[in-house]
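Observations on the model geometry
The primary structure of each chain is shown beneath.
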Protein chains: 2
Amino acid sequence: MRQLTMSKAFTLMESGPVVLVTTHDGQKDNIMTVSWTMVMDFTPVFAITTGEWNHSFAALRKNKGCVIAIPTVDLLDKVVGIGTCSGTDTDKFAKFKLTPVRGKVVAAPLIKECLANIECKVIDIIKRHNIVVLEGVAAYIDAARREKRTVHAVGDGTFIVDGRKLDRRKLMTAKIPCGV
Amino acid sequence: MRQLTMSKAFTLMESGPVVLVTTHDGQKDNIMTVSWTMVMDFTPVFAITTGEWNHSFAALRKNKGCVIAIPTVDLLDKVVGIGTCSGTDTDKFAKFKLTPVRGKVVAAPLIKECLANIECKVIDIIKRHNIVVLEGVAAYIDAARREKRTVHAVGDGTFIVDGRKLDRRKLMTAKIPCGV
């Protein structure tokens, strides 16, 4: 995994891939599957919706950090599996044969098998809407990975795989910040 | 366009399509392009990030309503065009040859040419993060439309078109609410 310039980190998230969010509670690593995410700026500030019904939420609130790991279509069954069991009684890294890799800033681990990882600090929790606001502080991408297609959760148990890419950069020059 | 049961409305948004958001300021209709959106629940509650830099924001704040219209890939150049001009000096419905259709609840219009439309009430504005929280109150889908592929903005001027759909409903039965 090579480090990615932070000005491009929001482009890992804007298209709405289902992501894995890792946490560390001081003793154990955990992973949750999240598709309720939002880019909030051209800077790496993201929102996710989560709350006390997720075992990971206590670690997020306590340690104020997490990693957003971006899986690709070959990992879909692990993504679904992680989203349908709980860290209360499961070591998800062991069960799903994923490799935790220590990052540089937060205690939560990167996931080696994912296409990209973003270390994030929790900068706000909006309790009345269960929104957690994250700021990306370091990003990594596995550029050598062959499978790069991410997956979009529909919410009914089906998932849409990335199809072809269309380029409208010329039309959007005025809207895209320098460095993206 | 036929009406869609509200319990399924979040599935129009969860996969992260770029959307068009219409408003009505008391005199004029307007449209903005938004890809910073988030599903917040299995109920039709959505967040979008926007603020005073968007001409539409004043109408959203004043009239507390909007329509989320979901375009498909055949409309991509209109979506990009709408996102790169302003309602301050442009009648976007006229310029992009789109047809406003009055809904049942809010003053903002549906867009006839889109795959789906969700009438929404503004239920909160979180000023410190420029987050507008919306509650869907009526949803419509053009089931007869041939092109159903939505488009996901990467944020760098490129867009990913929906590819194939994978079904994991059996594995997720316990997580999906009844009626979705």
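Right above here is the structure, for reference.
Residues numbered from 1 in each chain as written. Chains lettered and ligands numbered in written order. Predicted model: local features only at pLDDT ≥ 70, side-chain atom pairs only at ≥ 80, totals over all residues. Heavy atoms only, no water.

Observations regarding the interface of chain A and chain B
- Counting residues at the interface gives 52 residues for chain A and 52 residues for chain B.
- Roughly 4,900 Å² is buried in total at the junction of chain A and chain B, and carbon and sulfur atoms are behind 61% of that figure.
- Of all residues in chain A, Glu14(A), Trp36(A) and Met38(A) bury the most surface against chain B, accounting for 14% of the area lost on that side.
- Of the charged contacts, one joins Asp124(B) and Arg128(A) as a salt bridge, the two residues approaching to 2.7 Å between their closest N and O atoms.
- One can count 26 residue pairs in polar contact (both at pLDDT 80 or more) joining chain A with chain B.
- Among the elements that take part in the side of chain A that touches chain B, strand S12 (residues 158-167) of chain A stands out by supplying 10 residues, more than any other.
- Taken together, the residues that form the side of chain A that touches chain B break down as 25 nonpolar, 14 polar and 13 charged.
- The sheet contact formed by S12(A) and strand S12 (residues 158-167) of chain B spans seven bridges and is antiparallel. (Contact = heavy atoms within 4.5 Å. Buried area = accessible area lost by both parts, 1.4 Å probe. Salt bridge = Lys/Arg side-chain N within 4 Å of Asp/Glu carboxyl O. Polar contact = N/O pair within 3.5 Å; in protein donor to acceptor, adjacent residues only side chain to side chain. Helix = DSSP H or I, 4+ residues; strand = E, 2+ residues; numbered from the N terminus. Nonpolar A, V, L, I, M, F, W, Y, C, P; charged D, E, K, R; others polar. Pairing = 2+ DSSP bridges.)

A word on the packing of aromatic side chains
- Enumeration over the complete set of coordinates arrives at four aromatic pairs over all chains.
- Arranged with centres 5.1 Å apart and planes meeting at 70°, the rings of Trp36(A) and Phe42(B) form a pair that is edge-to-face. Placement of Trp36(A) in the loop between strand S3 (29-34) and strand S4 (37-39) and of Phe42(B) in the loop between strand S4 (37-39) and strand S5 (45-49) is noted, with the two residues assigned to different chains.
- Taking relative accessible area as the criterion, Trp36(A) reaches 12% and is therefore assigned buried.
- For the pair Phe10(B) and Phe42(B), a centre-to-centre distance of 5.4 Å together with 85° between the ring planes defines the contact as edge-to-face. Here the residue Phe10(B) occupies a position in the loop between strand S1 (2-4) and strand S2 (19-24), and Phe42(B) occupies one in the loop between S4 and S5, the gap between them amounting to 32 residues.
- By relative accessible area, which is 0% here, Phe10(B) ends up buried. (Phe/Tyr/Trp six-rings, centres within 6.5 Å; stacked < 30°, edge-to-face > 60°. Buried < 20%, exposed > 50% of the residue type's maximum accessible area, 1.4 Å probe, protein only.)

Brief notes about the pairing of strand S6 (residues 65-70) of chain A
Residue and element names in this part refer to chain A.
- Most of S6 sits out of view: six of its six residues are buried.
- The two faces of S6 match: Gly-65, Val-67 and Ala-69 on one face and Cys-66, Ile-68 and Ile-70 on the other face are all buried.
- Pairing of strand S2 (residues 19-24) with S6 involves three bridges; the strand directions are antiparallel. Residue pairing in the sheet places Thr-22 in a bridge with Val-67 of S6.
- Two elements, S6 and strand S9 (residues 116-126), share six bridges in a ladder whose sense is antiparallel. What sits directly across from Cys-66, in S9, is Cys-120.

Details of the relation of the copies chain A and chain B
- When chain A is brought onto chain B, the operation consists of a screw motion whose angular component is 180° and whose axial shift is 0.0 Å, with 0.0 Å RMSD remaining. When the rotation and shift are considered jointly, the pair of chain copies conforms to a two-fold rotation axis. Closest approach to the rotation axis among the C-alpha atoms of chain A is made by Gly163(A), whose C-alpha sits 1.9 Å away.
- A share of 100% of the interface residues of chain A reappears at the interface of chain B, consistent with the copies meeting face to face through the same patch. (Least-squares fit on C-alpha atoms with pLDDT ≥ 70 in both.)

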